[in-house]
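# Observations on the three-dimensional arrangement
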Amino acid sequence: MQHLLFIVLGLVLLILGGNWLLKAAVALSLRLRIPRIIIGMTVVSFATSAPELIVSVTAAVEGFSDLALGNVVGSNIANLGLVLGIILVMGPIDVRKSFYVTDWPVMMAASLLVFFLLYYDGQISALEGLIMIACLFLFLVFLLRFQQPAVVEDLNKSILPLPLYKAVLFLGLGGAGLWAGSEFLISGAVGFAKFYQVSERIIGITVVSVGTSIPELAASVIAILKGEKSISVGNLIGSNIFNLLAVLGVTSLVHPIQVVDRGLLTNDIFWMLGFAFAVLPLVFFPKGLRLGWHDGIILLISYAAFVYLTLF
């Protein structure tokens, strides 16, 4: 009963947090005259990736490297397979050239970097983590200086910027709500998982990763419902990049990440690469520069296959 209560409370806090964070992101983008996708790929994606960071650092310090790594790999799979799939079923998204010129290549490059680092010796050292954080910093500098919106924005001219103090307040409340909600949700979900005696890797790659991806789902669904498509897509791309470079980078600085269960290298990481790659052809087929409901169905079916094959 306690686990169920934690799950319900976590979901409520995540929905509220996603709404508050969206208000802050829109207000900041209007006030600073920054393209909304950049706000989505920085402020929103960082805040919604905070649960992954907290969970992974804590797990690594306590000696559960598979949980830390599985959480990030599984979250990236869930972001593209589950979250993006749900978003596309709710409505189509038009994509611009910079999406596949800059944003997708960076996400793919980050995925391949983690893949090669892990395949080299089965771990991510502190030095490698520092390199990953440096790569993220360079990407953010480029993004803020040169990037153009990658998603066609439905700009509502009636939206007025909030006062700065309200934007900051909503940003703080949103981040706190998403973090607390994720903590409650993970606590309840892991409690159920342990009751059924599921392995550490399986818990990380499925239950915990989905729990820590709920903020992305909440923020993105609310963004889509309010017509902020650029924040939704930018949030997912930014979250995946942040998960790989910052979450694993910071975690490895605190404690080296060591692969224990080889299933992470023989199965899970290939699913992560597959989902990351699949986004590009989906953008072009069957209709160029557009993601539609059929693409969402493909992603959801693929994610369901991943979960089934991982569990069974």
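First, a word on scope: everything that follows refers to the structure included in this document. These numbers were taken from a predicted model, which means no experiment stands behind them. (Residues numbered from 1 in each chain as written. Predicted model: local features only at pLDDT ≥ 70, side-chain atom pairs only at ≥ 80, totals over all residues. Heavy atoms only, no water.)

## Focus on the nonpolar core
Counting residues in each nonpolar core, the largest one holds 63 residues, and the members touching the most others are L69, L118, L136 and L248. Element by element, the count of residues in this core is highest for helix α10 (residues 263–284), at eleven residues. Ignoring anything within four residues of it in the chain, the contact list for L118 reads L69, Q123, I124, V259, L265 and I269. Counting residues in hydrophobic clusters, the runner-up holds ten residues, among them V55, A60, V190 and I203. (Core = buried A, V, L, I, M, F, W, Y, C linked by side-chain atoms within 4.5 Å. Buried < 20%, exposed > 50% of the residue type's maximum accessible area, 1.4 Å probe, protein only. Helix = DSSP H or I, 4+ residues; strand = E, 2+ residues; numbered from the N terminus. Contact = heavy atoms within 4.5 Å.)

## Quick word on the pattern of salt bridges
For the structure on display, the rule yields three salt bridges. A salt bridge links D261 to R201; the shortest N-O distance between them is 4.0 Å. Residue D261 is located in the loop between β3 (257–258) and α10, and its partner R201 is located in helix α8 (residues 200–225); the two are separated by 60 residues in the primary sequence. Since its relative accessible area comes to 26%, D261 is described here as partly exposed. A salt bridge links R201 to D268, with the nearest nitrogen and oxygen atoms 2.8 Å apart. (Salt bridge = Lys/Arg side-chain N within 4 Å of Asp/Glu carboxyl O.)

## Observations concerning the environment of A50
Relative to the helices and strands, A50 resides in helix α3 (residues 50–61). Measuring from C-alpha to C-alpha, the distance between A50 and L178 comes to 8.4 Å, with 128 residues separating the pair along the chain.

## Structural notes on a nonpolar patch on the surface
A cluster of nonpolar side chains, contributed by M1, L4, V8, V12, L16 and F192, occupies part of the molecular surface with about 580 Å² of accessible area. Ranked by residues supplied to the nonpolar patch, first place goes to helix α1 (residues 2–32) with four residues. Its place among the elements puts V8 in helix α1. A relative accessible area of 45% places V8 in the partly exposed class. (Patch = residues over 30% accessible without salt bridge, like charges linked within 9 Å, V, L, I, M, F, W, Y side chains within 5 Å. Areas by Shrake-Rupley, 256 points an atom, 1.4 Å probe, with all protein chains shown as cover.)

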